[in-house]
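Each chain, written out:
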Amino acid sequence: MKVLKFGGTSVGSVKSILCLKKIVEKEARKQPVVVVVSALGGITDKLIATSQLALNGDERYKAEFDAMVNRHHQMIDTIITDNDKRENLFNTVDALFEQLKSIYFGVYLVHDLSEKTQDAIVSYGERISSNIVATLIKGAKRLNARDFIRTERKHGKHHVDFDLTNELIRKEFANMPRVAVVPGFIARDRDTFRTTNLGRGGSDYTAAIIAAALNAEVLEIWTDVDGFMTADPRVIHTAYTINELSYVEAMELCNFGAKVIYPPTIYPVCVKNIPIKVKNTFNPNFPGTLIKQTIDDDNKPIKGISSISGTTLITVSGLSMVGVIGVNRRIFTALANNGISVFIVSQASSENSTSIGVRDEDASAAVDVLNEEFAKEIKTGAMFPMHAESGLATIAIVGENMKHTPGIAGKLFGTLGRSGISVIACAQGASETNISFVVDGMYLRKSLNVLHDSFFLSEYQVLNLFICGVGTVGGKLIEQIRSQYDALKQERRLKLNVVGIASSKKAIFSRDGINLDNYREQLKNAEASDINRLRDEVVGMNIFNSVFVDCTASQDVSDLYQTFLEHNISVIAANKVAASSDYDKYMMLKKTALTRGVKFRFETNVGAGLPIIGTINDLRNSGDRILKIEAVLSGTLNFIFNEISADVPFSETVRRAKEQGYSEPDPRIDLSGTDVVRKLVILAREAGYKLEQNDVEKHLFVPDSYFKGSLESFWENLPQLDADFEARRKVLEQQNKCWRFVACMDQGKTRVSLEEVEQGHPFYNLKGSNNIVMLTTERYKEYPMLIQGYGAGASVTAAGVFANIMSVANI
């Protein structure tokens, strides 16, 4: 036989109670079943609240009572279709409600609510629901739990008398019906025979007691979830159902917020080694979670993550605590005597402080109790007044295999640290099945997500991306992410979740991810945005594994990098402003990223998608030293000097560069060499040299006067340079040379200039808008290293940014 327990949500509505009927009748065709039911969902709380109204002489108790009667009547009218059965059930239920009404009226009259009366009142929820269920299920027989669940009074509480209870259960079920319906929660005192109850989780307790006494095959707990989840699915969308748990793991998860079962109530079946199966009333075909003594082929060190929000940490400290026996006894005795529960304890080995975790609602009382307990010591200065820190959250990672897997704690704290989450207190028992720790409550969601992802409970590793800039580069990047999304999930188990997209005027944000198929339409209809909103939304989302991707050229956006890095948000920049800004600012960004354990990447600042900065870093990290950098870094200028010929004058090549999209709308920006200077500064800094833009010598090929005045006057006057360029070009042609605008760093000294390159030089045959970099190092002296390829273009730049994003994921 088996025992099936149905909670309040499983009997709380017409839909759920009809599901219960199908489940029970299907199981009853296979073997005898005991069905333990709770009160209709919310009724127990309503019974208590109504009794308080009556106690206070508040006549609103009558309306609350009538509402409960109506709810049960509507349920019966809907689900019991046989007229005779319905009439008999109404008679039974109404008789019980008449008793309850009389009790409420008595409380209202005398303004007294004793424990005995309160116990009687709360019993009616299960007494009524069990009658409804017994009538609904074909062939069911209702048994009165008060006839065989007996309690005794100990230390002011009702405790089950197991010897007597087990004997009575075996007698009651000697001739067991096919379906026995039993009200959960309620019991009877063995001496006074008055109605008592089994306290919180009492229906679970009733089911476990009966299952253990009858040596049931299994105890099934039917609820409104598919079983134990790896984490709270309301916080972590990728959480999934755990197939099997040990008793210990289930207990640990429940103790820390997984409200599937109530741990103290199920120990009777644990002792008897009877499996527990948690199933969903609304999804009965789902296998659920099986809880048993040992798990076969269990190789996962972590089974689940659970949490308790609303934690207050109280620190008891003082020099007199060191080496003194009995201080902790006084702490816990004082709290226990005042009904205050402690769920986490952390003590320093020096013994000068003990931190205890309590719920926020108990914090004030706990502080008062402890200050009173240690009043003498506080007065003499031997101990300090209690210090309470509220607004915290307690998290636990649970798994019996942690004791067989070295490094779990290290990985836990490392993962939290890299996400900018400080651990305020922690505790771990010698059994190593639970590591519990306390964090700031505002980081609870982020902590759960990053840990769930890090310990591979999630199906995918997730990166949450904020993309700023949807122009040529940003648009291509989003297109590449969209096209690679499925392949990365399948082949790399990586999910790129774009949670923010911003243009210069509008922005959209979604923690669950943005649909990239129609993001431009979403942006068009989005609310206006500015730099302040961008900062507040990115930081305020406080999402784990987050990366800010800057595809703009904005100074204002680059000024946000420091804030983002300080909040443990990695930064990927196609924007050159930050890396070429003041050296101290550049170093601060790099140091902050290093300290915070996040990434600051800007590979595409030089050479678009070419691996130039990464190669320089790899050389330096392996112990090499960069001695000299020679490079052609402007695709625009390379295009111009490749196009110039006897038929195409200098001014025409500049116009073509603009028309074909190689130059900025104002070509003077390219001709001034400013962009090349920035790139050279970035390379020199990455090579280990302290350098500012003003330190770079500029030998330009266009007179300064051309950079003044309007753009129209520039185009008008530019042809005046054609004759000089053509004369010089002819000489170069005769000498088999060509022009290249070269950036050079030699032992820390830098310059940019238009240079004449001989045939045979690596720069001579550089085609189109390509870039080339020649690195001379201590290892590559005789034969410098060459890196060459497309150095401009939206697609290759976006691909370089994409590669930086992948480096954050450590793929």
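A.B. asks: Even after reading the chapter, I still don't get the overall build of the protein chain, so can you show me in this structure?
C.D. replies: In terms of regular secondary structure, the protein chain is built from 29 helices and 30 strands. By the compact-globule yardstick of 28 Å for 811 residues, the protein chain is too spread out, its C-alpha radius of gyration being 37 Å. Along the longest, intermediate and shortest principal axes, the C-alpha atoms of the protein chain span 120 × 70 × 55 Å. Sorting the 811 residues of the protein chain into buried and exposed places 52% on the buried side.

A.B. asks: I'm lost on the pairing of strand 6 (residues 179-183) in this one. Help?
C.D. replies: Each regular strand carries side chains that alternate between the two faces of the sheet. Of all the five residues making up strand 6, five are buried; the element is thus mostly covered by neighbouring parts of the structure. Alternating positions in strand 6 separate into two faces, Val179, Val181 and Pro183 on one and Ala180 and Val182 on the other, with burial throughout. Here strand 2 (residues 33-37) pairs with strand 6 via five bridges, running parallel. Within strand 6, the position partnered with Val37 by the bridge is Pro183. Summarising the sheet, strand 3 (residues 140-142) and strand 6 pair through three bridges and their orientation is parallel. Counted as the bridge partner of Ala140 is Val179 from strand 6.

A.B. asks: What am I meant to see in helix 26 (residues 674-686) here?
C.D. replies: Every α-helical turn comprises 3.6 residues, leaving residues that sit three or four positions apart pointing alike. With 13 residues, helix 26 extends 19 Å from end C-alpha to end C-alpha; this agrees with the ideal 18 Å at 1.5 Å per step. When we look at burial in helix 26, the residues that qualify are Val676, Val677, Lys679, Leu680, Val681, Ile682, Leu683, Ala684, Arg685 and Glu686. Phi turns positive, to about 105 degrees, at Gly688, one or two residues after helix 26.

A.B. asks: Help me understand the sheet that holds strand 14 (residues 344-347) in this model?
C.D. replies: The strands making up a sheet associate through backbone hydrogen bonding, with each pair oriented either parallel or antiparallel. Spatial ordering of the open sheet is given by 14-15-13-16-18-17, a layout of six strands whose pairing is antiparallel. In this open sheet, the two strands that pair with only one neighbour each are strand 14 and strand 17 (425-428). When the angles between neighbouring strand axes are averaged without regard to direction, this sheet yields 30 degrees. Pairing geometry for strand 14 and strand 15 (residues 353-359), over four bridges, is antiparallel. Residue pairing for strand 15: Val345 is matched across the bridge by Ile356. Each of strand 13 (304-317), strand 16 (387-398) and strand 18 (434-440) touches helix 9 (residues 247-255); the most contacted strand, strand 13, lies at about 60 degrees to it. Taken strand by strand, helix 14 (residues 408-418) contacts strand 16, strand 17 and strand 18, and its axis lies near 15 degrees from that of strand 18.

A.B. asks: Explanation requested: the side chain of Thr311 in the structure shown.
C.D. replies: Counting through the fold element by element, Thr311 comes out in strand 13. Within the structure, Thr311 has its side chain in polar contact with the backbone oxygen of Ile308 (distance 3.3 Å).

A.B. asks: I would appreciate a short explanation of the sheet that holds strand 21 (residues 507-509) in the present structure.
C.D. replies: The mixed open sheet is built from six strands, whose spatial order is 21-20-19-22-23-24. The outermost strands of the open sheet, each flanked by one partner alone, are strand 21 and strand 24 (600-601). The sheet contact formed by strand 22 (residues 546-550) and strand 23 (residues 570-573) spans four bridges and is parallel. Counterpart to Phe548 in the pairing with strand 23 is Val571. Contacts from helix 18 (residues 531-541) reach strand 19 (461-468), strand 20 (494-502), strand 21 and strand 22, with the element oriented near 10 degrees to strand 21.

A.B. asks: Teacher, can you tell me more about the layout of surface pockets here?
C.D. replies: Using a probe with the size of a water molecule, rolled over the atoms, empty space left in the structure can be pinpointed. Of the pockets and cavities examined, the second largest pocket occupies roughly 1300 Å³. Taken together, 48 residues form the lining of the second largest pocket, with Thr472, Val473, Ala553, Lys576 and Glu664 sitting closest to its centre. Among the elements of the structure, helix 16 (472-492), helix 18, helix 19 (555-558), helix 23 (635-643), helix 25 (668-671), helix 26 and helix 29 (794-808) are those that each provide at least two residues to the lining of the second largest pocket. With four residues, the single largest contributor to the lining of the second largest pocket is helix 26. Along the lines of polarity and charge, the residues of the lining of the second largest pocket split into 19 nonpolar, 21 polar and eight charged.

A.B. asks: Even after reading the chapter, I still don't get a nonpolar patch on the surface, so can you show me in this structure?
C.D. replies: Taken together, the side chains of Phe105, Leu109 and Val110 define a hydrophobic patch exposed on the protein surface, amounting to about 300 Å² of accessible area. By secondary structure assignment, the location of Phe105 is in helix 5 (residues 83-110).

A.B. asks: Looking at this structure, how should I read the nonpolar core?
C.D. replies: Most often, soluble globular proteins keep nonpolar side chains buried together rather than apart. One finds Ile397, Leu451, Phe548, Phe650 and Phe701 to be the most contacted residues of the largest nonpolar core, which totals 101 residues. Looking at this core element by element, the count peaks at seven residues for helix 26. Residues in contact with Phe701, not counting those within four places in the same chain, are Leu637, Phe641, Phe650, Leu671, Phe725, Phe741 and Leu754. If you look at the next biggest cluster of nonpolar residues, it comprises 47 residues, including Ile169, Val182, Ala213 and Cys270.

A.B. asks: Teacher, can you tell me more about the pattern of salt bridges here?
C.D. replies: Note on pairing: side chains with opposite charge can pair once their charged atoms come close. What the rule picks out here adds up to 38 salt bridges. A salt bridge links Arg153 to Glu115; the nearest nitrogen and oxygen atoms lie 2.8 Å apart. Here the residue Arg153 occupies a position in strand 4 (residues 150-154), and Glu115 occupies one in helix 6 (residues 115-136), the gap between them amounting to 38 residues. Given the relative accessible area of 41%, Arg153 is considered partly exposed. Owing to a relative accessible area of 37%, Glu115 belongs among the partly exposed residues under this scheme. Of the charged contacts, one joins Arg330 and Glu373 as a salt bridge, the two residues approaching to 3.0 Å between their closest N and O atoms. Of this pair, Arg330 sits in helix 11 (residues 327-337) while Glu373 sits in helix 12 (residues 360-373); the two residues are 43 residues apart in sequence, bridging distant segments of the chain.

A.B. asks: Please explain the packing of helix 4 (residues 60-79) against helix 5 as it appears in this structure.
C.D. replies: Geometrically, a packed helix pair is captured by the angle between its two axes and the distance between the axes. At a minimum axis separation of 11 Å, helix 4 and helix 5 run at an interaxial angle of 170 degrees. Between helix 4 and helix 5, the interaxial angle falls into the category roughly antiparallel. On helix 5, the residues touching Tyr61, Phe65, Met68, Val69, His72, His73, Ile76 and Asp77 of helix 4 are Arg86, Leu89, Phe90, Val93, Asp94, Phe97, Leu100, Lys101, Tyr104, Phe105 and Tyr108. By residue class, the composition of the contact of helix 4 with helix 5 is 13 nonpolar, two polar and four charged.

A.B. asks: For this particular structure, what's the right way to read the state of the cysteines?
C.D. replies: Joining two cysteines, a disulfide is a covalent bond between their sulfur atoms. For the structure on display, the rule yields zero disulfides. Cysteine Cys551 shares no disulfide, and the gap to the nearest cysteine sulfur, in Cys468, comes to 8.2 Å. Given a relative accessible area of 13%, Cys551 falls into the buried group.

Parameters at a glance
Throughout, a residue's number is its position along its own chain's written sequence, starting from 1. Given that the model is predicted, a residue must reach a pLDDT of at least 70 before its local features are reported, and side-chain atom pairs must reach 80 or more before they are shown or counted; all residues, however, enter totals for whole chains, interfaces and linings. Side-chain calculation: all heavy atoms of the structure are included, whereas hydrogens and water are not. Secondary structure elements follow DSSP: runs of H or I of four or more residues count as helices, runs of E of two or more count as strands, with numbering from the N terminus. This radius of gyration counts C-alpha atoms alone. The globule rule is 2.2 Å times how many residues there are, raised to the power 0.38. Relative accessible area decides the class of each residue, using a 1.4 Å probe on protein chains only: under 20% of the type maximum gives buried, over 50% gives exposed, and in between gives partly exposed. Only strands joined by at least two bridges in the DSSP assignment are considered to pair. Multiplying 1.5 Å by the helix residue count minus one yields the expected span of that helix. The axes are straight lines fitted to the C-alpha atoms, using for helices just the contacting stretch, and the angles between their N-to-C directions are given from 0 to 180°. The contact definition used throughout considers only heavy atoms, calling two residues in contact when any of these lie within 4.5 Å. By the criterion applied in these results, polar contacts are pairs of N or O atoms within 3.5 Å in which, for protein atoms, one can donate a hydrogen and the other can accept it, and in which residues neighboring in sequence qualify only through two side-chain atoms. Buriedness for pockets is judged along seven lines, at least five of which must meet protein on both sides within 12 Å for an open set on the 1 Å grid over protein atoms alone, while cavities are sets there where a 1.4 Å probe fits but cannot get out, and lining residues have an atom within 4 Å of a point. Grid points are joined across faces, edges and corners, and a volume is the space filled by probe spheres set on the points. Following the grouping adopted for this structure description, the nonpolar residues are Ala, Val, Leu, Ile, Met, Phe, Trp, Tyr, Cys and Pro, the charged ones are Asp, Glu, Lys and Arg, and the polar ones are all others, Gly among them. Note on patches: the residues involved have over 30% relative accessible area and no salt bridge, like charges join within 9 Å, and the nonpolar side chains Val, Leu, Ile, Met, Phe, Trp and Tyr join within 5 Å. Accessible areas in this description were obtained via Shrake-Rupley with a 1.4 Å probe; residue shielding takes into account the shown protein chains only. Any carboxyl oxygen of Asp or Glu within 4 Å of a side-chain nitrogen of Lys or Arg constitutes a salt bridge here. The nonpolar core is taken to be a set of buried Ala, Val, Leu, Ile, Met, Phe, Trp, Tyr and Cys residues, with the residues joined through side-chain atoms within 4.5 Å. Put simply, angles under 35 degrees are roughly parallel, angles over 145 are roughly antiparallel, angles from 65 to 115 are roughly perpendicular, and the rest are oblique. Our working definition of a disulfide is a cysteine sulfur pair at a distance within 2.5 Å.

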